[in-house]
Amino acid sequence: MINNVKGTTDFMPKEEASKQKVFDNLKTVAQKFGFRQICTPIIESFELLAQKQGDEIRKQIFTLEKKGKEELAMRAEFTPSFARLFISNQKELAKPIKWFSIDRVWRYEKPQAGREREFYQFNVELYGSGEAIADAEIISLAIESLKSLGLKEKDFIVNVNNRKVLQSLIENFVSSDIDEVIRVIDKKDKVSPEDYKEMLKEVGVEQVDKLIKTLEETDVNKVKGASELKSVLDLLPYDCVKMSLTTARGLSYYTGTVFEIFDVNGKFRALCGGGRYDNMIEQFGGQPTPATGFGMGWSTISLLLADKNLLPDEELGPDYFIAVLEEEREAMKLAAKLRQHNTVVVNLVSKNVGNQMKYANSLGAKNVIVLGPEEVKSKKYKVKNMQAGTEKSMNL
Ligand code: HAM
């Protein structure tokens with residue numbers, strides 16, 4: 001027996017239908033906010049993917065064996081691909097531009113609950129507005145997306161921060177690379193308090209306790225960049241939205257608002273993460289353009305939905321099962337007719353009617369039609385409702 005690759009997931013029909021139903025909901029919400037779906041290639045040049053992501057994702061990129069000169073890799077997130085597509089159409093596009101995708105990405109991670117090597121992201125990006133209302137729209141979309149799945153505001157928490165605020169708080173404590181310190185702060189809740197302190201020391205923070213205290217107790221009203229943070233928060237009338245000075249985000253491209261969403265009990269890893277990255281478009285060779293967006297992961301969302309009994313249970317049973325022994329031509333004609341408006345399964349292997357009924361039952365068929373010589377001759381069929389056990393006559 002050959003197993004699936006470590007960190008990947010197979011979806012059986014029920015699970016796939018459930019996932020697709022969730023994706024349909026997310027798509028509908030994105031479209032209600034005026035976002036349009038795009039589709040970009042799975043493989044990109046390694047250069048594009050590795051350009052601007054901070055060390056962590058860079059190490060996790062799945063590279064492909066070279067076939068020619070090009071160095072190719074599989075996307076580990078959508079943000080660089082979206083940026084590439086935006087830049088190559090930048091002149092013609094009326095800004096702001098609002099795009100989304102729901103698809104797979106790959107990262108060489110240590111697989112664990114809610115953390116896979118192949119996973120799905122609902123990814124949203126907005127180009128061409130540097131204003132607080134754009135960040136607020138992005139965060140509202142994330143919140144409304146979760147609510148569209150049946151989650152309540154009390155089920156999750158949206159931690160909002162601003163990179164400028166964080167940077168000005170950290171500045172006083174380190175002379176070295178601030179991005180390194182931000183990456184450590186991003187890990188705060190994933191490691192023990194002792195390890196956290198140790199890691200801060202390692203990246204050059206001298207007064208570790210004082211920095212931790214500062215992040216916990218600072219009055220934001222007195223901090224640089226804080227007005228930006230407050231304007232965004234002012235536009236978000238949701239109880240689940242909280243200001244959080246320790247929310248850092250691991251990726252190095254963020255320049256302003258950053259946010260992360262967790263289940264309220266902290267049972268699972270992040271459901272969603274995003275923020276503003278106003279330098280990427282220019283750094284990738286485009287006209288300077290402000291940008292903001294988020295990625296929401298199916299792995300953690302599905303764990304939370306399952307925990308709350310909210311995973312959609314999609315009905316896969318066909319409307320009709322046609323049981324047949326000899327009259328296959330007629331069965332196919334009848335099926336074609338019924339399929340104009342219904343889902344129809346025709347019996348495909350010779351077995352007796354009793355076994356065909358068992359199979360119809362296992363499929364969850366709502367109705368069964370038995371087609372024999374008599375039915376064909378009289379052009380009248382009996383339709384058995386499998387749930388009610390009732391029968392009615394139908395003409396072809
Ligand atoms: P990220 O925080 O790396 O951000 O990923 C966003 C979300 O994807 C996470 O909150 C989590 O739900 C899910 N996710 C991440 N890694 C895994 C994994 N290994 N297995 C399962 N799910 C995972 C980004 O990707 C940014 N590109 C988001 C963004 C878009 N920022 C601005 N625009």
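Note that the coordinates shown come from a computational prediction; the quantities given were computed from them, not determined experimentally. (Residues numbered from 1 in each chain as written. Predicted model: local features only at pLDDT ≥ 70, side-chain atom pairs only at ≥ 80, totals over all residues. Heavy atoms only, no water.)

*Asks:* Would you explain the overall build of the chain in this entry?
*Replies:* Along its length, the chain carries 15 helices and 15 strands. Rg of the C-alpha trace for the chain: 27 Å, well past the compact-globule value of 21 Å for 396 residues, more than 25% over. Partitioning the contacts of the chain with sequence separation of at least 6, the portion at a separation of at least 24 is 68%. The average position of the 58 basic charges and that of the 58 acidic charges among the side chains of the chain differ by 5 Å. (Helix = DSSP H or I, 4+ residues; strand = E, 2+ residues; numbered from the N terminus. Rg over C-alpha atoms; globule rule 2.2 N^0.38 Å. Contact = heavy atoms within 4.5 Å. Lys, Arg positive; Asp, Glu negative; His and termini not counted. Charge placed at Lys NZ, Arg CZ, Asp CG, Glu CD.)

*Asks:* Teacher, can you tell me more about the domain arrangement of the chain here?
*Replies:* Many descriptions give the size of an interface as the accessible area lost when the pieces come together. In terms of domain boundaries, the chain breaks down into domain 1 (13–307) and domain 2 (320–395). Of note, the centres of domain 1 and domain 2, computed from C-alpha atoms alone, are 52 Å apart. (Domains from an automatic or database assignment.)

*Asks:* Any chance you could explain the pairing of strand S6 (residues 156–162) here in plain terms?
*Replies:* Side chains on a regular strand alternate between the two faces of the sheet. Extensive coverage of S6 is indicated by the burial of six of its seven residues. Pairing geometry for S6 and strand S8 (residues 257–263), over seven bridges, is antiparallel. Paired with Asn-162 across the bridge in S8 is Thr-257. (Buried < 20%, exposed > 50% of the residue type's maximum accessible area, 1.4 Å probe, protein only. Pairing = 2+ DSSP bridges.)

*Asks:* Can you help me understand the sheet that holds strand S7 (residues 241–243) in this one?
*Replies:* Strand pairing in a sheet is mediated by backbone hydrogen bonds. Such pairs are either parallel or antiparallel. Taken in spatial order, the eight strands make up an open sheet running S1-S4-S5-S10-S9-S8-S6-S7, and their pairing is mixed. Taken across any chain shown, the strands that pair with only one partner, and hence form the sheet edges, are strand S1 (36–37) and S7. Inspection of the sheet shows S1 paired to strand S4 (residues 97–106) by two bridges, in the parallel sense. Looking at the pairing, Arg-36 lines up with Trp-99 of S4. Of the strands in this sheet, S4, strand S5 (118–127), S6, S7, S8, strand S9 (272–276) and strand S10 (291–297) touch helix H5 (residues 132–148), which is tilted by about 15° from S10. Sheet strands touched by helix H10 (residues 226–234): S6, S7 and S8. Its angle to S6, the strand with the most contacts, is close to 150°. (Axes fitted to C-alpha atoms, helices over the stretch in contact; angles between N-to-C directions.)

*Asks:* Would you take a moment to explain the pattern of salt bridges for this structure?
*Replies:* Note that side chains of opposite charge can pair when their charged atoms are close. Enumeration according to the criterion identifies 22 salt bridges in this entry. In this structure, the salt-bridge partner of Arg-104 is Glu-118, at a minimum N-O distance of 3.4 Å. Placement of Arg-104 in strand S4 and of Glu-118 in strand S5 is noted, with a sequence separation of 14 residues between them. When its relative accessible area of 31% is taken as the criterion, Arg-104 is described as partly exposed. (Salt bridge = Lys/Arg side-chain N within 4 Å of Asp/Glu carboxyl O.)

*Asks:* I keep staring at the layout of surface pockets and nothing clicks. Help me out?
*Replies:* Leftover empty space is mapped by rolling, across the atoms, a probe with the size of a water molecule. Empty space within the second largest pocket amounts to approximately 190 Å³. Forming the boundary of the second largest pocket are 14 residues, of which Phe-11, Trp-298, Ser-302, Leu-303 and Leu-311 lie nearest the centre. Going through the elements one at a time, helix H1 (13–32) and helix H12 (298–307) are the ones with two or more residues in the lining of the second largest pocket. Take the lining of the second largest pocket: its biggest share by element is five residues, from H12. Classifying every residue of the lining of the second largest pocket gives six nonpolar, five polar and three charged. (1 Å grid on protein atoms, 1.4 Å probe; cavity = no way out; pocket = protein on both sides within 12 Å on 5 of 7 lines; lining within 4 Å. Points joined across faces, edges and corners; volume = space filled by probe spheres on them. Nonpolar A, V, L, I, M, F, W, Y, C, P; charged D, E, K, R; others polar.)

*Asks:* Looking at this structure, how should I read the site of the ligand?
*Replies:* Neighbouring residues of the ligand: 28 residues in total, closest Glu-77, Thr-79, Glu-109, Glu-116 and Tyr-254. A distance of 2.7 Å separates a nitrogen atom of the ligand from a polar side-chain atom of Glu-109. For the ligand, an oxygen atom lies 3.2 Å from a polar atom in the backbone of Gly-297. In the complex, the protein chains occlude 96% of the 660 Å² of accessible area that the ligand would expose alone. Secondary structure elements with two or more residues in the shell around the ligand: S5, S9, S10 and H12. Here the shell around the ligand is composed, by residue class, of nine nonpolar, twelve polar and seven charged. (Near = heavy atom within 4 Å. Polar contact = N/O pair within 3.5 Å; in protein donor to acceptor, adjacent residues only side chain to side chain. Areas by Shrake-Rupley, 256 points an atom, 1.4 Å probe, with all protein chains shown as cover.)

*Asks:* How should I be thinking about the side chain of Glu-44 in this particular structure?
*Replies:* Tracing the backbone through its elements, the reader meets Glu-44 in strand S2 (residues 43–45). At 2.8 Å, the side chain of Glu-44 and the side chain of Ser-81 are in polar contact. Here Glu-44 is in contact with Leu-49, Glu-71, Leu-72, Ala-73, Ser-81 and Arg-84, once residues within four sequence places are set aside.

*Asks:* Just to check I follow, could you spell out the environment of Ile-369 for this structure?
*Replies:* Its location among the elements puts Ile-369 in strand S13 (residues 367–371). If we skip the residues at most four places from it in the chain, Ile-369 touches Tyr-320, Phe-321, Ile-322, Ala-323, Leu-334, Leu-338, Tyr-381, Lys-382, Val-383 and Met-394.

*Asks:* What am I meant to see in the nonpolar core here?
*Replies:* In summary, soluble globular proteins display a tendency toward joint burial of nonpolar side chains. Formed by 68 residues in total, the largest nonpolar core has its most connected members in Val-158, Leu-200, Phe-259 and Phe-294. Considering every element that reaches this core, the biggest residue donor is H5, with eight residues. Filtering out sequence-adjacent residues up to four positions away, Leu-200 remains in contact with Val-181, Val-184, Ile-185, Val-205, Val-208, Leu-211 and Ile-212. (Core = buried A, V, L, I, M, F, W, Y, C linked by side-chain atoms within 4.5 Å.)

*Asks:* Is there a simple way to explain the pairing of S5 in this structure?
*Replies:* Where burial is concerned, most of S5 is hidden: ten out of the ten residues are buried. Burial along S5 is two-sided: the residues Glu-118, Tyr-120, Phe-122, Val-124 and Leu-126 and Phe-119, Gln-121, Asn-123, Glu-125 and Tyr-127 are all buried. Across ten bridges, the pairing between S4 and S5 is antiparallel. Residue Trp-99 lies in a different strand from S5, and its bridge partner there is Glu-125. Relative to S10, S5 runs antiparallel, the two sharing seven bridges. Within S10, the residue paired with Tyr-127 across the bridge is Ala-291.

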